[in-house]
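Architecture at a glance
Here is how the chains run, residue by residue.
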Amino acid sequence: PKINFKNSKGLIKTVEAKIGWSVMETALENQIPGILGECGGGCSCATCHVYVDPDLHSKISTISEIEEETLDFVDNKVDGSSRLSCQIEVTELLEGATFNIPEN
């Protein structure tokens, strides 16, 4: 599926994602600025924080307790749409989805 990454300035980059990969892996493969993935997807660093539109919540896995705890360490604004992109698996349902990248 094609997914979109939107930065804090509103610029959107659309990329081809591979089924079974994480959104973070997709971002790293496509050199998306703002997604660092320092822990390699271990849900322990929060350097892959994104904001997920509410209409996507039914298309992705629910947030785990470990992910919620990791988000507590995020320096930028965390809200109900905050997720770690390493915990979101790419499926066909993400076609056209947009993941918003925080400013910092």
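In this report, we go over the structure that sits alongside the text.

Some thoughts on the pairing of strand 2 (residues 12-16)
Pairing of strand 1 (residues 2-6) with strand 2, which is carried by five bridges, proceeds in the antiparallel orientation. Considered in strand 2, the bridge of asparagine 4 is made with threonine 14. Here strand 1 hands over to strand 2 after five residues, with glycine 10 in that stretch at a positive phi of 90°.

Re the environment of serine 58
Note on placement: serine 58 falls in the loop between strand 3 (49-52) and helix 2 (65-71). Take serine 58: its relative accessible area is 69%, and that puts it in the exposed class. Along the chain, serine 58 and leucine 93 lie 35 residues apart, while their C-alpha atoms are 9.6 Å from each other.

Concerning unusual backbone geometry
Here the phi dihedral of glutamine 31 falls at roughly 50°; this positive angle occurs in a residue that is not glycine. Position of glutamine 31 among the secondary structure elements: in the loop between helix 1 (23-29) and strand 3. Despite not being glycine, cysteine 43 has its phi angle at roughly 60°, a positive value. Tracing the backbone through its elements, the reader meets cysteine 43 in the loop between helix 1 and strand 3.

Concerning the side chain of histidine 49
For histidine 49, the position within the fold is in strand 3. Judged by its relative accessible area of 3%, histidine 49 falls in the buried class. Only 2.9 Å separates the side chain of histidine 49 from the side chain of serine 82, close enough to count as a polar contact.

Section: a negative patch on the surface
Residues Glu65, Glu68, Glu69 and Asp72 make up a contiguous surface patch of negative charge. Note that glutamate 69 resides in helix 2.

Here we look at the sheet that holds strand 5 (residues 98-100)
Sheet strands associate in pairs through backbone hydrogen bonding, adopting either a parallel or an antiparallel arrangement. Ordered in space as 2-1-5-3-4, the five strands form an open sheet in which the pairing is mixed. The sheet is open, and its two edges are formed by strand 2 and strand 4 (82-84), each paired on a single side. Across the sheet, the mean angle from the axis of one strand to that of its neighbour is 35°, orientation sign disregarded.

Criteria and thresholds
- Residues numbered from 1 in each chain as written.
- Predicted model: local features only at pLDDT ≥ 70, side-chain atom pairs only at ≥ 80, totals over all residues.
- Heavy atoms only, no water.
- Pairing = 2+ DSSP bridges.
- Helix = DSSP H or I, 4+ residues; strand = E, 2+ residues; numbered from the N terminus.
- Buried < 20%, exposed > 50% of the residue type's maximum accessible area, 1.4 Å probe, protein only.
- Polar contact = N/O pair within 3.5 Å; in protein donor to acceptor, adjacent residues only side chain to side chain.
- Patch = residues over 30% accessible without salt bridge, like charges linked within 9 Å, V, L, I, M, F, W, Y side chains within 5 Å.
- Areas by Shrake-Rupley, 256 points an atom, 1.4 Å probe, with all protein chains shown as cover.
- Salt bridge = Lys/Arg side-chain N within 4 Å of Asp/Glu carboxyl O.
- Lys, Arg positive; Asp, Glu negative; His and termini not counted.
- Charge placed at Lys NZ, Arg CZ, Asp CG, Glu CD.
- Axes fitted to C-alpha atoms, helices over the stretch in contact; angles between N-to-C directions.

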